[in-house]
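# Fold and contact review
What follows is the residue order along each chain.
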Amino acid sequence: MADQPGRIVVAGLSKSFGTVHAVDNLSFTVEPGSVTGFLGPNGAGKTTTLRMLLGLVTPTGGIATIGGVPYGQIQQPMRTVGAVLEASSFHPGRTARNHLRVYAAASGIPDHRADEVLAQVGLTDAANRKVRGFSLGMRQRLGLAFALLGNPQVLLLDEPANGLDPEGIRWLRGFQRRLADEGRTVLVSSHLLTEVQQSADRVVILSQGKLVREGSMEELERGAGETVVVSSPALDKLGNALTGTGAQITRSGPDQLRIVGVPAAAVGHAAFGAGAELHELRTERADLEQLFFSLTEGQFHAPAGGPPPGAPPGPPAPGMPPGAGVPFAPAPGGVR
């Protein structure tokens, strides 16, 4: 099973630089025919992992394979794996077409392939322009063209949306989708969480070099649970009615509660029984951004003077009512 063409398998992968454990016993799998988002804060180990996949960094322990073998054992690697890592380097005096032809010749790839990949990334009109005049977004597209030069089964992309405008990001989303629909394996490292949520089939989330979550977007959203948001002028009545149900209740405004652990129907039933008038009752699912920060909270450090992660809540932010974001305790006996 592990030797299926295009499957990426990372097993017990570790890398230390002196006393720094950049990657720590990391294991995950990326399947062909899918876009997998590779997420984590700066310093989480994403780029180091990608570099180990490509044989650019030697692991301290574990193994990473593509199609069942390490990258160094792949015959004709450009025809198997295409990669864009960090900022791609280009000779400023070469044209886009000639830049690609140089690498095509070195890898036994026909010259005409350069024009084909330039068309794929929307750079046909810039084929004869020197790279020194390219914008950051155009350089990103040229990097993608280079990654596609050998028509590879596997694409490893490190922050491919950097420098792209909104239209370019939308194009990139569709571009990745088409590659996956062709049966290719697409692994994308990104900081654009909203964009990953729209484009990825699965995500792998790292924090401090370790895997903290892996799964499909549907699995992650389902596992994140639901929050019931309710607004009422009779919060004490409602809070008393929910006592003993196991609900976790937090006040998020002067007349608003956020409730976890009880479905919306049960909250509505409790409000009806208590005679608590409701002005709002809705359900929220945690999005990828909320899940990401909850899973990687320990890696972030508060700025000087700020509370550490997990510290008790301080004064509300400007414009927020007193008590916003703190646990809710209904007054005994309801409204007073």
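Above: the structure in question.
About the thresholds
- Residues numbered from 1 in each chain as written.
- Predicted model: local features only at pLDDT ≥ 70, side-chain atom pairs only at ≥ 80, totals over all residues.
- Heavy atoms only, no water.
- Pairing = 2+ DSSP bridges.
- Helix = DSSP H or I, 4+ residues; strand = E, 2+ residues; numbered from the N terminus.
- Axes fitted to C-alpha atoms, helices over the stretch in contact; angles between N-to-C directions.
- Salt bridge = Lys/Arg side-chain N within 4 Å of Asp/Glu carboxyl O.
- Buried < 20%, exposed > 50% of the residue type's maximum accessible area, 1.4 Å probe, protein only.
- Arc of directions from axis to C-beta.
- Contact = heavy atoms within 4.5 Å.
- Phe/Tyr/Trp six-rings, centres within 6.5 Å; stacked < 30°, edge-to-face > 60°.

### Regarding the sheet that holds strand β4 (residues 61-66)
With respect to topology, 3 strands assemble into an open sheet ordered β2-β1-β4, the strand pairing being antiparallel. Unpaired on one side and paired on the other, β2 (20-30) and β4 mark the two borders of the sheet. With strand direction ignored, the average angle separating the axes of adjacent strands in the sheet is 20°. Looking at chain direction, strand β1 (residues 8-17) and β2 are connected through 7 bridges and run antiparallel. When the sheet's bridge partners are listed, L13 is paired in β2 with L26.

### What to know about the pattern of salt bridges
Any two side chains of opposite charge can pair, on the condition that their charged atoms come close. By the definition in use, this model includes 9 salt bridges. The shortest N-O distance in the salt bridge between D115 and R101 comes to 4.0 Å. Of this pair, D115 sits in helix α3 (residues 112-120) while R101 is found in helix α2 (residues 96-106), placing the two residues 14 residues apart along the sequence. Residue classification places D115 among the partly exposed positions, given a relative accessible area of 29%. Judged by relative accessible area, which is 30%, R101 ranks as partly exposed. With a closest N to O distance of 3.1 Å, R177 and D201 form a salt bridge. Of this pair, R177 sits in helix α5 (residues 166-181) while D201 sits in the loop between α6 (193-199) and β8 (202-207), and the two are 24 residues apart along the sequence. Taking the relative accessible area as the measure of exposure, R177 reaches 25% and is therefore partly exposed.

### Remarks on α3
If you check which residues of α3 are buried, you get R113, A114, V117 and L118. Down the axis of α3, the smallest arc covering the buried residues is 140°, so these residues share one side. Elements in contact with the buried residues of α3: α2 and α4 (136-148). Positive phi appears at G122, one or two residues downstream of α3, with a value of about 75°.

### Thoughts on the packing of aromatic side chains
According to the stated counting rule, one finds 3 aromatic pairs in the structure shown. Centre to centre, the rings of Y103 and F146 are 4.9 Å apart; their planes meet at 70°, and the pair counts as edge-to-face. Within this pair, whereas Y103 is found in helix α2, its partner F146 is found in helix α4, the two being separated by 43 residues in sequence. Judged by its relative accessible area of 34%, Y103 is partly exposed.

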